[in-house]
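Commentary on secondary and tertiary structure
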Amino acid sequence: APALAIEYIEGKPEFALAHIADFTQQMATQLAKLHRVDRAKLDLAFLPPQAQSYGEPAQKINHSLDEGRIRAALAAVWPLSQHNAATLLHGDFWSGNLLWRDDKLVAVVDWEDAKLGDPLVDLAVSRLDILWIFGIDAFHAFTHHYQSMMAIDYTNLPYWDLYAALRLIRLAGADLAGWAAFFPPFGRPDITEQTIREHYQFFITQAFEKLAV
């Protein structure tokens, strides 16, 4: 298909586990750097604000992923009051949109979902993707690194986690096996529909537990 090459950056996505401790720290550092961009020095007025809706009405509820429970929890509080200043959001900050060279993060690509909004939106989406790709330890490490660098209000993070879960349902639908099929060529045959479901369940469980406190 026709394309426009703006700039070439040597690097590739990385899904291996060998250096995951270092990778999660670099990923958290880069996300925090994006969220600290000084909007006063850049003309970002063309970017749309984060959508006020938590998702389009469902044509069919995915009960296997607890979609009904998630929608009910979000409907009870939406729209969320925003405690943090709006920042630059990437919108899809996950390993597939990060380029690495010599174990260093060299570029963040695919900015079509960029917006202005609560940094917790990006954090939640990234947390879920890191969890089902790299596991629970990486999920905790990434979160810890990010929080150590960003002195913001995390009160609404459990709700944004549920928002991220609903986003995964919208994108993957009932085809988690199709998502898993993407990873064997990258040396990750261990990512399966079952492991994605298990990590997803862990993710929404920890969110609901925090909301129950």
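Here's a quick rundown of the structure.

Analysis parameters
Each chain has its residues counted from 1, running along the sequence as written. Where local features are concerned, this predicted model is filtered to residues with pLDDT of at least 70; where side-chain atom pairs are given and counted, the filter is 80 or more; whole-chain, interface and lining totals use all residues. Side-chain calculation: all heavy atoms of the structure are included, whereas hydrogens and water are not. Exposure classes here rest on a 1.4 Å probe applied to the protein chains alone. A residue is buried below 20% of its type maximum, exposed above 50%, and partly exposed in between. Comment: elements are numbered from the N terminus, with helices defined as DSSP H or I runs of at least four residues and strands as E runs of at least two. Under this scheme, a helix contributes an axis fitted over its contacting stretch, all axes are lines through C-alpha atoms, and angles between N-to-C directions fall in the 0 to 180 degree range. The cut-offs work like this: below 35 degrees is roughly parallel, past 145 is roughly antiparallel, 65 to 115 is roughly perpendicular, and the gaps in between are oblique. For a crossing to be left-handed, the near helix must be turned anticlockwise from the far one by less than a right angle; the clockwise case is right-handed. Between two residues, a contact is recorded if the distance between any of their heavy atoms is within 4.5 Å. Only Asp, Glu, Lys and Arg are considered charged, only Ala, Val, Leu, Ile, Met, Phe, Trp, Tyr, Cys and Pro nonpolar, and every remaining residue, Gly among them, polar. Pairs of N or O atoms within 3.5 Å make up the polar contacts considered here, provided that, within protein, one atom can donate a hydrogen while the other can accept it, and that residues adjacent in sequence are counted only when both atoms are side-chain atoms. Arc definition: it is the arc formed by the directions from the helix axis to the C-beta atoms. Here a cavity denotes a set of grid points, spaced 1 Å apart and computed over the protein atoms alone, in which a 1.4 Å probe fits but from which it cannot get out, and a pocket denotes an open set meeting protein on both sides within 12 Å along at least five of seven lines; residues with an atom within 4 Å of a point are reported as lining. Grid points are joined across faces, edges and corners, and a volume is the space filled by probe spheres set on the points. Pairing between strands is defined by DSSP: at least two bridges between the two strands are required.

1. Re unusual backbone geometry
For the bond running from Trp-78 to Pro-79, omega is 0 degrees, close enough to zero to count as cis. In this structure, Asp-66 is a non-glycine residue whose phi angle is positive, near 60 degrees. The class for Asp-66 is partly exposed, based on a relative accessible area of 23%. Within the chain, Asp-102 stands out as a residue other than glycine whose phi angle is a positive 55 degrees. As for its placement among the helices and strands, Asp-102 is situated in the loop between β2 (98–101) and β3 (104–108).

2. Re the packing of helix α3 (residues 119–134) against helix α4 (residues 136–149)
Across the interface, α3 lies against α4 with an axial gap of 7 Å and an inter-helix angle of 155 degrees. Considering their axes alone, α3 and α4 lie roughly antiparallel with respect to each other. Classified by chirality, the crossing of α4 by α3 is right-handed. Between α3, through Pro-119, Leu-123, Ser-126, Arg-127, Ile-130, Leu-131 and Phe-134, and α4, the contact on the second element is made entirely by Ile-136, Ala-138, Phe-139, Phe-142, Thr-143 and Tyr-146. Residues that form the contact of α3 with α4 fall into these classes: 10 nonpolar, two polar and one charged.

3. Thoughts on the side chain of Gln-26
For Gln-26, the position within the fold is in helix α1 (residues 20–35). Look at Gln-26 and you get buried, because its relative accessible area is 16%. For Gln-26, the side chain forms a polar contact with the main-chain nitrogen of Leu-105, separated by 2.9 Å. Here Gln-26 is in contact with Trp-100, Asp-103, Lys-104 and Leu-105, once residues within four sequence places are set aside.

4. A word on helix α2 (residues 67–75)
Inspection of α2 places Glu-67, Ile-70, Arg-71, Ala-73 and Leu-74 among the buried residues, and these make up the whole buried set. Buried positions in α2, seen along its axis, are confined to an arc of 160 degrees and lie on one side of it. Summarising the contacts, the buried residues of α2 are in contact with α5 (157–172) and α7 (193–212).

5. Some words on the layout of surface pockets
By volume, the largest pocket is sized at about 540 Å³. For the lining of the largest pocket, the element with the highest residue contribution is α5, accounting for five residues. For the lining of the largest pocket, a count of residues per class yields 11 nonpolar, six polar and nine charged. Put simply, the second largest pocket is a space of about 240 Å³. Looking at the second largest pocket, the residues that line it are Ile-6, Glu-7, Ile-9, Leu-99, Val-108, Val-109, Asp-110 and Trp-111.

6. Thoughts on the environment of Glu-67
You can see Glu-67 is positioned in helix α2. One polar contact links Glu-67 to Arg-71, side chain to side chain, over a distance of 2.9 Å.

7. Topic: the pairing of β3
Bridge analysis of β2 against β3 gives four bridges, and the strand direction is antiparallel. Counted as the bridge partner of Arg-101 is Lys-104 from β3. If you look at the hairpin formed by β2 and β3, you'll find two residues sitting between the two strands, and Asp-102 has a positive phi there, around 55 degrees.

8. Thoughts on the environment of Gly-173
Within the secondary structure, Gly-173 sits in the loop between α5 and α6 (176–180). For Gly-173, a relative accessible area of 25% corresponds to the partly exposed category. The spatial distance from the C-alpha of Gly-173 to the C-alpha of Asn-62 is 7.7 Å, given a sequence separation of 111 residues. Setting aside its immediate chain neighbours within four residues, Gly-173 contacts Asn-62, Leu-65 and Leu-168.

9. Observations concerning the packing of α5 against α7
Packing of α5 against α7 leaves a shortest axis separation of 8 Å and a crossing angle of 150 degrees. In terms of orientation, α5 lies roughly antiparallel with respect to α7. Crossing of α5 against α7: the hand is left-handed. Mapping the contact onto sequence places Pro-158, Tyr-159, Asp-161, Leu-162, Ala-164, Ala-165, Leu-168 and Ile-169 in α5 and Tyr-200, Phe-203, Ile-204, Gln-206, Ala-207, Phe-208, Lys-210 and Leu-211 in α7.

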